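# What the coordinates show
So you can see what is in the structure, the chains are spelled out below.
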Amino acid sequence: MLIQKNKAILTVLLILSIFSNKLSAQTARYNTTNFHAWTVLNSQISLNDKFGIHAEVQIRRNDGFNKWQQLLLRPGIFYNINANLSATAGYAYVETYPYGEIPSAKVAFPEHRIWQQFQLTQKTGSVDVVSRLRLEQRFFGDASLGTFTNTRYENRFRYMLRAVIPITKDANKTTKLYLPVYDEVFINFGENVKYNTFDQNRFGAGLGLNTGKTGKIEVGYMYQYVQQRNLLPDLRQVVENNHTLSISWFTAIKLGKKH
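Here we summarise the structure given alongside this text. Computed from a predicted structure; not experimentally measured. (Residues numbered from 1 in each chain as written. Predicted model: local features only at pLDDT ≥ 70, side-chain atom pairs only at ≥ 80, totals over all residues. Heavy atoms only, no water.)

### With respect to the overall build of the protein chain
Definition in use: Only DSSP runs of H or I reaching four residues or more are called helices, and only runs of E reaching two or more are called strands; each is numbered from the N terminus. A simple rule labels every residue: compare its accessible area, found with a 1.4 Å probe on the protein chains alone, to the largest value its type can have, and call it buried under 20%, exposed over 50%, or partly exposed in between. Any pair of residues with heavy atoms lying within 4.5 Å of one another is described as a contacting pair. Computed with the Shrake-Rupley method and a 1.4 Å probe, the accessible areas treat only the protein chains shown as cover for residues.
Across its full length, the protein chain holds one helix and twelve strands. Counting every position in the protein chain, which comprises 259 residues, the buried fraction comes to 42%. Pairs at least 24 apart in sequence give 58% of the contacts found in the protein chain among residues at least 6 apart. In the structure as shown, the protein chain presents an accessible area of about 13,700 Å², 62% of it carried by carbon and sulfur atoms.

### Re the side chain of N62
Within the secondary structure layout, N62 lies in strand 2 (residues 51-62). Every residue in contact with N62, bar those within four places of it in the chain, is listed here: N34, F35, H36, K67, W68, Q69, Y99 and G100.

### Quick look at the pairing of strand 8 (residues 152-166)
This is how it is decided: At least two DSSP bridges between two strands are needed for those strands to be called paired.
In terms of residue burial, strand 8 counts as a mostly covered element, since eleven of its 15 residues are buried. For strand 7 (residues 127-140) and strand 8, the ladder comprises 13 bridges, and the chain directions are antiparallel. The residue bridging R134 from the neighbouring strand is R158, located in strand 8. Summarising the sheet, strand 8 and strand 9 (residues 177-189) pair through twelve bridges and their orientation is antiparallel. Bridging across to strand 9, I165 finds its partner in L179.

### Side note on the nonpolar core
For soluble globular proteins, the rule of thumb is that nonpolar side chains tend to be buried together. Rules: Here the nonpolar core consists of buried residues drawn from Ala, Val, Leu, Ile, Met, Phe, Trp, Tyr and Cys, with membership extended through side-chain atoms lying within 4.5 Å.
Listed in full, the five residues of the largest apolar core are V127, V129, L161, A163 and I165. Going through the elements one at a time, strand 7 and strand 8 are the ones with two or more residues in this core. In terms of residues, this core owes the most to one element, strand 8, which gives three residues.

### Things to note about the pattern of salt bridges
Two side chains with opposite charge may pair up if their charged atoms get near one another. For the record, the criterion: Salt bridge, as used here: a side-chain nitrogen of Lys or Arg that lies within 4 Å of a carboxyl oxygen of Asp or Glu.
Scanning the model with the defined rule gives 14 salt bridges in all. One salt bridge in this structure joins E184 and R132, with 3.0 Å as the shortest N-O distance. You can see E184 sitting in strand 9 and its partner R132 sitting in strand 7, a full 52 residues away along the chain. Each member of the pair, E184 as well as R132, carries the same accessibility label: buried. Note that E184 is salt-bridged to R158, the shortest N-O span being 2.9 Å. Here the residue E184 occupies a position in strand 9, and R158 occupies one in strand 8, the gap between them amounting to 26 residues. Here the two residues E184 and R158 agree in accessibility, since each one is buried.

### Description of the side chain of R74
The criterion, for reference: Polar contact is defined as a pair of N or O atoms within 3.5 Å, subject to the rule that within protein one atom must be able to donate a hydrogen and the other to accept it, and that residues adjacent in sequence are counted only when both atoms are side-chain atoms.
For R74, the location among the structural elements is in the loop between strand 3 (67-73) and strand 4 (76-80). With relative accessibility at 4%, the residue R74 sits in the buried group. A distance of 2.8 Å separates a polar atom in the side chain of R74 from a polar atom in the side chain of E56.

The values are spatial; any link to function lies outside them.
Spelled out as structure tokens, the structure:
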């Protein structure tokens, strides 16, 4: 029965990935390929049993670790609605650099975001299943000048489904090694969105290690399918097929006492 449930979760993740790619196939495309390496620090700092601080840093590199792709800083405040459901709101700063065969920017340029999300964690047998809805209000700087001028505003909706499948457990029946599998769909909307309503899809899997007090470390592969917002002179849309090494460190720190 548990094996069947695990297969069902993996099937849903695969369907999400395939369906999102089908949605994108609405015009002639020019395919490019990139190789990235992303390192992530994601911390949840609990102030008490309800409120806490979300702190996240992502260093995204292109051509392996050789060149910059993006820098992302994402702080926020979270509220635990109950043991399984949380709400978070925050700000993000993103610096995007020119990369790839057909860069979407001439120089590095800034982006400021406001974001909100709901995250639901459930258990199916021994598998943890996370559903996350995130809404972003995005303010882009000038991608030709690299300054926060001539700003453009867009909205983006994101949905992620993630399964954490245990591999080994310790004597206390705490998961030590595990397999994280996830898919996330990105949809743009607003009057400034023209050619990339479907923005991107990310599908990934890897190997995770629960290190105890220091948190969790995950190393994996992510396939990212991205539609650039502008068309080529021949009206083809540039599509990025990005193969990414992902290294993530998740920490949970409790500062306050429960009431």
